Amino acid sequence: RVGILGTASIARKSSLAILHPSSRCSLSAVASRSASRAADFVQRFGASSGSVAYGSYGDLIADPDIDAIYVPLPTSLHLENVTLALRAGKHVLVEKPISVSLQDYRDMIDAASLTRRVIMDGTMFVHEPVRLPSFLKACTTDIGKVDRIESEFSFHGGEAFESSNIRMQADGDPLGCVGDMAWYSIRAAMLVYGRLDAHSGSGHGDAGGPLLPFAEAEAAVATHFETNANGVPFDVSAIVYFKGNRTLHLHCGFRHALRQSLRVVGTRRVAVMDDFVLPRKGLPSYYMEEMSLTDMDVYSTTRRTEVVEETGSNFVQEVCLWRNFALLAHISGRNSEEENGSNGVTVKKSVSTAEMDTKMPKLTEMQYW
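Bear in mind the structure is a predicted one, so any value in this text is a computation, not a measurement. (Residues numbered from 1 in each chain as written. Predicted model: local features only at pLDDT ≥ 70, side-chain atom pairs only at ≥ 80, totals over all residues. Heavy atoms only, no water.)

Caption draft 1: Fine view of the overall build of the protein chain. Across its full length, the protein chain carries ten helices and 16 strands. Among the 369 residues that make up the protein chain, the fraction classed as buried is 47%. Within the protein chain, residue pairs in contact and separated by at least 24 positions form 65% of the contacts whose partners lie at least 6 positions apart. As displayed, the protein chain has an accessible area near 17,500 Å², and 52% of this comes from carbon and sulfur atoms. (Helix = DSSP H or I, 4+ residues; strand = E, 2+ residues; numbered from the N terminus. Buried < 20%, exposed > 50% of the residue type's maximum accessible area, 1.4 Å probe, protein only. Contact = heavy atoms within 4.5 Å. Areas by Shrake-Rupley, 256 points an atom, 1.4 Å probe, with all protein chains shown as cover.)

Caption draft 2: Looking closely at the side chain of R131. Looking at the secondary structure, you find R131 in helix α6 (residues 131–141). Here R131 falls in the buried class, since its relative accessible area comes to 5%. A polar contact is formed between the side chain of R131 and the backbone oxygen of S285, at a distance of 2.9 Å. The contact partners of R131, leaving out residues within four places of it in the chain, are M273, D275, F276, P279, P284, S285, Y286 and E309. (Polar contact = N/O pair within 3.5 Å; in protein donor to acceptor, adjacent residues only side chain to side chain.)

Caption draft 3: Just empty space enclosed by the protein, in detail. The final tally for this structure, using the stated rule, is one cavity of 30 Å³ or more. By volume, the largest cavity amounts to about 80 Å³. Lining the largest cavity are I10, K13, S14, A17, Y70, L93, E95, G122, M124, E318, L321 and W322. Elements with a contribution of two residues or more to the lining of the largest cavity: α1 (9–19) and α9 (317–339). Residue contributions to the lining of the largest cavity peak at four residues, all from α1. Along the lines of polarity and charge, the residues of the lining of the largest cavity split into seven nonpolar, two polar and three charged. (1 Å grid on protein atoms, 1.4 Å probe; cavity = no way out; pocket = protein on both sides within 12 Å on 5 of 7 lines; lining within 4 Å. Points joined across faces, edges and corners; volume = space filled by probe spheres on them. Nonpolar A, V, L, I, M, F, W, Y, C, P; charged D, E, K, R; others polar.)

Caption draft 4: Just the sheet that holds strand β1 (residues 2–5), in detail. One open sheet holds the six strands; their spatial order is β3-β2-β1-β4-β5-β6, and the pairing between them is parallel. In this open sheet, the two edge strands, each paired with only one partner strand, are β3 (52–54) and β6 (119–121). Between one strand and the next, the sheet's axes are offset by a mean angle of 20°, whatever the strand orientation. Two strands pair when backbone bridges link them, and β1 and strand β2 (residues 27–31) are joined in this way by four bridges, in the parallel orientation. Residue L5 lies in a different strand from β2, and its bridge partner there is A31. Contacts between helix α4 (residues 78–87) and the sheet are confined to β1, β4 (68–71), β5 (91–94) and β6, with β5 contributing the most and set at about 155° to the helix. (Pairing = 2+ DSSP bridges. Axes fitted to C-alpha atoms, helices over the stretch in contact; angles between N-to-C directions.)

Caption draft 5: View of unusual backbone geometry. The omega torsion of the bond from K96 to P97 falls at -10°, within 30 degrees of zero and hence cis. Mapped onto the secondary structure, P97 falls in the loop between β5 and α5 (102–115). Of note in the backbone geometry, R24 takes a positive phi value of approximately 60° without being a glycine. Residue placement: R24 occurs in the loop between α1 and β2. You will see that N245, though not glycine, has its phi angle at about 60°, which is positive.

Caption draft 6: Representation of α1 within the structure. All of the buried residues along α1 are A11, S14, S15, A17 and I18. With its buried residues spanning 160° around the axis, α1 presents them on a single face. (Arc of directions from axis to C-beta.)

Caption draft 7: Here's a closer look at the nonpolar core. Core analysis: the biggest nonpolar cluster contains 43 residues, and F135, I149, V192, F242, L262, V264 and F276 have the highest contact counts within it. Contributing elements (two or more residues each) for this core: α6, β7 (146–154), α8 (176–200), β11 (233–242), β12 (246–253), β13 (259–266), β14 (270–273) and β15 (285–290). Take this core: its biggest share by element is eleven residues, from α8. Those residues in contact with F135, other than ones at most four positions away along the chain, are V192, L262, V264, A271, V272, M273 and Y286. (Core = buried A, V, L, I, M, F, W, Y, C linked by side-chain atoms within 4.5 Å.)

Caption draft 8: View of the pattern of salt bridges. Tallied over the full model, the rule gives 18 salt bridges. Notably, a salt bridge pairs D197 with R246, separated by 2.9 Å at the nearest N-O pair. Placement of the pair is D197 in helix α8 and R246 in strand β12, with a sequence separation of 49 residues. With relative accessibility at 4%, the residue D197 sits in the buried group. With a closest N to O distance of 2.6 Å, R255 and E226 form a salt bridge. (Salt bridge = Lys/Arg side-chain N within 4 Å of Asp/Glu carboxyl O.)

Caption draft 9: Just the packing of α4 against α5, in detail. For the pair α4 and α5, the least separation of the axes is 9 Å and the interaxial angle reads 5°. Relative to α5, the element α4 is oriented roughly parallel. Touching H78, L79, V82, T83, L86 and R87 of α4 are D104, D107, M108, A111, A112 and T115, all from α5. The class makeup of the residues in the contact of α4 with α5 is six nonpolar, three polar and three charged. (Parallel < 35°, antiparallel > 145°, perpendicular 65-115°, else oblique.)

Caption draft 10: Seen up close, the environment of D40. Structurally, the position occupied by D40 is in helix α2 (residues 35–46). On the accessibility criterion, D40 (54% relative accessible area) is exposed. With 13 residues separating them in the primary sequence, D40 and A53 have C-alpha atoms 8.7 Å apart.

Caption draft 11: Representation of the packing of aromatic side chains. Overall, the coordinates contain twelve aromatic pairs when judged by the stated rule. Taking the centre distance of 6.3 Å and the plane angle of 45° together, the rings of F125 and Y184 count as tilted. Separated by 59 residues along the polypeptide, F125 in the loop between β6 and α6 and Y184 in helix α8 bring together distant segments of the chain. With respect to burial, F125 and Y184 carry one shared label: buried. Ring pairing ties together the aromatic residues F125, F153, Y184 and F276, which thus form one cluster. The ring of Y287 is capped by R304, whose NZ or CZ atom sits 3.9 Å from the centre of that ring. (Phe/Tyr/Trp six-rings, centres within 6.5 Å; stacked < 30°, edge-to-face > 60°. Lys NZ or Arg CZ within 6 Å of the ring centre and 35° of its normal.)

Written out as structure tokens, the structure reads:
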């Protein structure tokens, strides 16, 4: 039973995923600092499920009939509302970027640990269960040695966006394009290098939770860093360094045309997703590129082979995110009950990766919406 803090556009999009029958969630309440906006939101999205409208975030958080809180608020408001929700015994799904600073992030994790509740970020593409695993497998087996990843994520915001959007405000989302867009590129590189480490047994990667391993970045250097008049990052290029002399070369920003590409460069081929954040409608796919030198030392035509996942149209990454969140919350609640049994004896402390895999629901009934 999910309560949403705020009525922004991302909240409207997520409400559709919550209402999907495969999400294993229900939209139970919506809060806004404007009671009329909350009521309008409920009328549009939550009327069929009997959702309640609140005129304050605190009132929704205090609702005993809510199991989890979704926080799509500006990043500057995350720490206060996430910690309040966790301390009220709610699980939390919070939009990215999670926080404005590392210390705020650590405070949230500490609160989740103390209250034994789940906190998860709203990065959608990592929950896609068909194309992403296939792409990661290809990166480990089909393209040769990998030590370079290239990623671009940008869109042209325009004058209205630059002057009024919350992502351009220092008191709203002060990380700007870095928090909004580089987040995806870095997460993708962490997954690719983590999968390579797990495949090779190199030990560079760390356990990234029950679903996918990830590798930790060691450092980052901005080669271009442009801010707006508010000091918010607007257009950024950077190199992110990982263990083993591996790199991610990224560009993100609000100035250029829409691009959302991920290129994993191997010694033999390049694995490419040109829609890795927001997939195209239809069968999901990625590409394998191969280019060779002719005997005249000029490039021949690039051979680009599309790898289509025929079963992928049954899955919607937004719905998969909410279903995985519901599963984690369910297992967390079960473990808390087991650990605090009537005799006070700790029965179980964690759920293994193997157990999580066996309990992961099959999503074959899901359709595009």
